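What follows is the residue order along each chain.
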Amino acid sequence: MPVPTGAEGDDPDVRDDVGDDVSGDPAEARGPGRPRRFFSGSTTRAEKARAVRGLGALGGLAGFIVALMLLPTACTAGVGARDTADWFSTEPDGLSTAGVPQRSRVLAADGRTIATFFYQNRVDVPMEKIAPVLRKAVLAIEDSRFYEHGAIDVQGTLRALASNVSSGEVTQGGSGITQQYVKNLLLTQADSTEEREAAKEISAARKIRELRYAVAIEKRFPKEEILRRYLNIAYYGDGAYGIEAASRHYFSKHASELDLAEAALLAGVIRYPYAYDPTRHARAAKDRRNVVLDRMAELGWIDSAEAEKTKRQPVELDVQHTRSGCVASEAPFFCDYVQREILNNKVFGKTVKEREELLKRGGLTIRTTLDRRAQKAARKAVLAYVPAKNSAHKAAAEAMVEPGTGEIKAMVVGRELGPDGERGKTWINFAADASHGSSIGMQAGSTFKAFTLAAALDEGMPFGTRLMAPEKYTPTGFRNCEGENVGDPSASLGNAADGEGGRTFSLVTGTHNSVNTYFLALQKEVGLCDTVKMAERLGMRQANGKPLEQFPSFTLGFNAVSPLRLAAAYAAFGARGEYCEPIAIKAVTDASGKKLKVPPRKCEQVLDKDVADAVNHILSGVLTKGTARGLGLGRDAAGKTGTVDNFSAAWFAGYTPDLAAAVWVGDPRGGYRYPMTSLCLDGRCYGSVFGATIPAPIWQRSMLGALKGTDATSFHRPPSFYFSRGSGEDRVKVPDVRGMDLDDAVARLRAAGFTTDVGERVRSRRYERGTVAEMSPGPGSVEPGTTITLRPSAGPGPGGDDEDDERRRPTLPPDIPLPTNTPTLPPLPGDPAGRAPA
């Protein structure tokens, strides 16, 4: 909670004079009727001397004020006296009523508040939103003659002077509402400790300055506006500044909804906010409330019976705490991203100090892109697989971005926002770049293969383009964008744990199986520089803000990046080649409702639509036939797994035309030192963690939740050119089943990975009736999953008879598996799902 620095704060010296009030002590929270004494048994000599000087100053000041009031009417006044009076009534230079701190709100896309920022928890409201009974209560106890006197209440000043001087105690104060408003205004505008001390010092000079300001304020504003400003600037204790924030804090209601008892309680708090804070000193607060009620009855503003009835009521609070910052937000790391965007972006101010003051004093309404449904789905999915306080100390992060807009829809780190030394907490936003989260990023693994694929398709390579993928690859002949040779003839790069290699692959099968050596060969064919430029066109850079490093293993994802950058890049595929910089802030208005400038939306068509469609076509197969098969969404979707060397981290990035997301799972302490092998996370154990083991299921679950109830959008079919060398699928041999019994033939074809259909019977002299006479396509090589049509023999006659009709649609025995589009791959070590790493 911020230290109160405005209004009356918790400092007893702040209120050295108090309107109509005649009771109260901030230090001891005395009951009504007991004056504040300067001297007690424990008062030191220095304190006594200081108090006497203060009392003397007040006496001298009062005499000076009386003289000023008499000067204009004194018929013997000379030029000097006349000049003094003119000086006092002239508006001082530099008088400003602006700059009263108000809290700023961060809103999700649906308008729900997800965070607040403030130095002082204040919400400025118009007079019509302040209950009339509250206005009466404050005037009764603070300045009942407010509408009858000017800036200086002569009657109140003289009365207070006489009482204080005669008793040697501060029993009454002479400040009216306008003077109190001025003092609070000067306090809130103070930027340094020295300025704040000057605004609080007990001296004639300070009082004269305040009085000059009060005279100017009375000339500038009507009484109603001065009262409104006072009610909005006063401190009501326990971190609540202004009547609206106080009403919400103590009673969980608006200031317009306050009843008599609540209004009297808040009015009584103003004098000494700490002493009468009902959350700390309930008895003193109630006694003080009753003093206010008695005063209202004395003035005839309420009847005595109502006052007595209200005094018998207990103090009933419904405290609502408003915390400044992101820790308590439902989307803490997204909130932190928004905060850093405002503090770092010069659109919001020239200096960091200006930007911070705008955020914490400006009363901003910050409308963001956050989709609360997507945020909840992502958080639930991340924590379900990687709990915040898991015993293995692993962490996960996910970012969701909307294709075509760049709007960040969700941002989750699987820990609470807080000190890294506490288990399950971190200040580091692993989902964002260093500029927005202090993260240096994580190696992206095979998710970078998508950029090599896009570069190849951009250069016109058809799906059927085949390259040899050796078991080991020596990276020679690679040049970076500066033309420098960056190959390493001493290196030997291999494939992941699936052991693929030693044969040819197409763009399609090489991607589906995520074959490292195939992509190294493809990158060499395309050119390292072209691959790097493709990634840069799609917004990729290192998480530390530096350009991507360029070495042969670029396609294998050695660069450290953030999930947010990766999600935005993949979102461009979903948007048919339109890349949009990630944005979190849609609009900002200040306290007056004026729209402020925000970072503009930046979208650019960086990839031909046809090329993006081709990328989508291939990456769709990853979810149906490749390393993440079985993890689709039931609608058009595409993606790519990523497993970093030695299982140091794992990724999945995927998308639909409507939403993209990237998931990272790893160890913040260092993935190479703490790899994800033989890993157990709160009851779930894994041999080794691949991209499809944890990240892809997180992606699937979060995407299903985020897209629930929305209409599905389909990808576009790529142009026929890309099929000029076939579909790119591996071809397999079709067994010859002619002459076999129909049921046996269907079972054999299905076991080989084909689907079957049974056509009309045909006449055949060669094959017996009921056996297979024809098959289409016939024996030979076809693409996996091809449907084979079988036509049974009707015998040699002109046609068959009815007794064979039942053989046209065979009945399969229960142990024959259902047809699949691809052969089942054997399980990998430590991966019971049988998915290949990537």
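Relevant structure appears above.
Note that the structure is a prediction, hence the values are computed from the model and not measured.

(A) A look at the sheet that holds strand E5 (residues 365-368). One open sheet holds the 5 strands; their spatial order is E2-E1-E5-E17-E18, and the pairing between them is mixed. Only two strands of the sheet have a single partner each, and these edge strands are strand E2 (113-117) and strand E18 (595-596). Inspection of the sheet shows strand E1 (residues 104-107) paired to E2 by 4 bridges, in the antiparallel sense. The partner of serine 104 across the bridge, within E2, is phenylalanine 117.

(B) Region of interest: the nonpolar core. Within the largest apolar cluster, 137 residues are counted, with the highest numbers of intra-cluster contacts made by Phe451, Leu457, Phe573, Leu619 and Ile694. It is helix H20 (residues 563-574) that contributes the most residues to this core, 9 residues altogether. Each residue touching phenylalanine 573, except ones within four places of it in the same chain, is listed here: Ala450, Phe451, Ala454, Leu538, Leu607, Ala612, Val615, Asn616, Leu619 and Tyr655. Formed by 61 residues, the second largest nonpolar core is a distinct cluster that contains Met127, Tyr181, Leu231 and Ala240.

(C) Looking closely at the packing of aromatic side chains. Taken as a whole and judged by the stated rule, the model has 20 aromatic pairs. Ring plane angle 35° and centroid distance 5.6 Å describe the contact between phenylalanine 430 and tryptophan 664, whose orientation is recorded as tilted. In this pair, phenylalanine 430 sits in the loop between strand E9 (425-426) and strand E10 (442-443) while tryptophan 664 sits in strand E22 (residues 660-666), placing the two residues 234 residues apart along the sequence. Judged by relative accessible area, phenylalanine 430 falls into the buried class, the value being 8%. Between the aromatic rings of phenylalanine 721 and tyrosine 722, the centroid separation amounts to 5.4 Å while the plane-to-plane angle is 70°, which identifies the pairing as edge-to-face.

(D) Fine view of the state of the cysteines. Here the structure, examined in full by the defined rule, presents 4 disulfides. Listing the disulfide partners of the protein by sequence rank of the bonded cysteines yields 1-2, 3-4, 5-6, 7-8.

(E) Representation of a positive patch on the surface within the structure. A grouping of Arg373, Lys380, Arg684, Arg701 and Lys708 is seen on the molecular surface, where their side chains present a positively charged patch. Tracing the chain through its elements places arginine 684 in strand E24 (residues 684-688).

(F) Spatial organisation of helix H7 (residues 204-220). End to end, H7 covers 24 Å across 17 residues, agreeing with the expected 24 Å (1.5 Å per residue, within 8%). Of all the positions in H7, only Arg206, Lys207, Ile208, Glu210, Leu211, Arg212, Tyr213, Ala214, Val215, Ala216, Ile217 and Glu218 are classed as buried.

(G) Local environment of the sheet that holds strand E21 (residues 649-655). The antiparallel open sheet is built from 5 strands, whose spatial order is E7-E6-E22-E21-E20. The strands lining the two open edges of the sheet, one partner per strand, are strand E7 (408-413) and strand E20 (638-643). On average, each strand axis in the sheet is inclined to that of its neighbour by 5°, with strand direction left out of account. One ladder, built from 7 bridges, connects strand E6 (residues 395-401) with E22; its direction is antiparallel. The residue of E22 that forms the bridge with methionine 400 is alanine 661. The strands touched by helix H22 (residues 695-707) are E6, E20, E21 and E22; relative to E21, the strand with the most contacts, the crossing angle is about 30°.

(H) Representation of the pattern of salt bridges. Going through the model one piece at a time under the given rule, you end up with 31 salt bridges. Taking the shortest distance from any N to any O, the salt bridge between glutamate 308 and lysine 311 comes out at 3.3 Å. Of the two residues, glutamate 308 and lysine 311 are both situated in helix H12 (residues 304-311); the distance of 3 residues between them amounts to about one turn of the helix. We note a salt bridge from glutamate 407 to arginine 601, for which the minimum N-O separation is 3.4 Å. Placement of the pair is glutamate 407 in the loop between E6 and E7 and arginine 601 in the loop between E18 and strand E19 (603-605), with a sequence separation of 194 residues. Looking at glutamate 407, the relative accessible area reads 6%, which means it is buried. Three or more residues are tied together by salt bridges with common partners; here these are Asp124, Glu225, Arg228 and Arg229.

(I) Layout of the pairing of E21. Among the 7 residues that make up E21, 7 are buried, leaving the element largely enclosed by the rest of the structure. Here E21 shows no split at all, with Ala649, Trp651, Ala653 and Tyr655 on one side and Ala650, Phe652 and Gly654 on the other all buried. Pairing analysis gives 6 bridges linking E20 to E21, with the strands arranged antiparallel. Note on E21: the bridge partner recorded for alanine 638 is tyrosine 655. Taking the residues between adjacent antiparallel strands as the criterion, E20 and E21 are bridged by 5 residues, where asparagine 646 takes a positive phi near 60°. Pairing of E21 with E22 involves 7 bridges; the strand directions are antiparallel. Bridging across to E22, phenylalanine 652 finds its partner in valine 663. Counting the residues in the hairpin turn of E21 and E22 gives 4 residues.

(J) Structural view of a negative patch on the surface. Among the surface-exposed residues, Asp191, Glu194, Glu195 and Glu197 lie close enough to one another that they form a single negatively charged patch. Relative to the helices and strands, glutamate 195 is located in helix H6 (residues 193-200).

(K) Layout of the environment of arginine 503. With respect to the helices and strands, arginine 503 occurs in strand E14 (residues 503-506). Sequence separation between arginine 503 and arginine 466 is 37 residues; the distance between their C-alpha atoms is 9.9 Å. Those residues in contact with arginine 503 that sit more than four places away from it in its chain are Leu467, Met468, Ala469 and Asp730.

(L) Region of the structure containing the side chain of glutamate 142. One can find glutamate 142 in helix H3 (residues 132-142). On the basis of relative accessibility, which here comes to 0%, the residue glutamate 142 falls in the buried class. Here glutamine 180 takes part through its side chain, which lies 3.1 Å from a polar atom of the side chain of glutamate 142.

The rules behind the values
- Per-chain numbering applies: the sequence of each chain, read as written, is numbered from 1 onward.
- Only residues with pLDDT of at least 70 are given local features in this predicted model, and only at 80 or more are side-chain atom pairs given and counted; all residues enter the totals for whole chains, interfaces and linings.
- Side-chain metrics rest on all non-hydrogen atoms present in the structure, leaving aside hydrogens and water.
- The pairing criterion is simple: DSSP has to find at least two bridges between the two strands.
- Runs of H or I in DSSP of at least four residues are treated as helices and runs of E of at least two as strands, each being numbered from the N terminus.
- To qualify as a nonpolar core, a set must consist of buried Ala, Val, Leu, Ile, Met, Phe, Trp, Tyr and Cys residues joined through side-chain atoms within 4.5 Å.
- Each residue gets one of three labels from its accessible area relative to the maximum for its type: buried under 20%, exposed over 50%, partly exposed in between, using a 1.4 Å probe on protein chains only.
- Contacts: residue pairs with any heavy atoms within 4.5 Å of one another.
- A pair of aromatic rings is counted whenever rings of Phe, Tyr or Trp (Trp by its six-membered ring) have centres within 6.5 Å, and the orientation is called stacked for planes under 30 degrees apart, edge-to-face for over 60 and tilted otherwise.
- Our working definition of a disulfide is a cysteine sulfur pair at a distance within 2.5 Å.
- Residues enter a patch when their relative accessible area is above 30% and they make no salt bridge; the linking distance is 9 Å between like charges and 5 Å between nonpolar side chains (Val, Leu, Ile, Met, Phe, Trp, Tyr).
- Note on areas: these come from Shrake-Rupley sampling with a 1.4 Å probe, and a residue is covered only by the protein chains present in the view.
- Salt bridges are identified by distance alone: a Lys or Arg side-chain nitrogen within 4 Å of an Asp or Glu carboxyl oxygen.
- In this tally, Asp and Glu contribute negative charge and Lys and Arg positive charge; neither His nor the terminal groups of the chain are included.
- Note that the charge is assigned to NZ on lysines, CZ on arginines, CG on aspartates and CD on glutamates.
- A helix's residues, less one, multiplied by 1.5 Å, set its expected span.
- Note on method: axes are straight lines fitted to C-alpha atoms, helices fitted across the in-contact stretch only, with angles between N-to-C directions ranging 0 to 180 degrees.
- In protein, a polar contact means a hydrogen-donor-capable atom and an acceptor-capable atom, both N or O and within 3.5 Å, with residues adjacent in sequence counting only if both atoms are side-chain atoms; elsewhere, any N or O pair within 3.5 Å suffices.

Function cannot be inferred from these measures alone, as they are strictly geometric.
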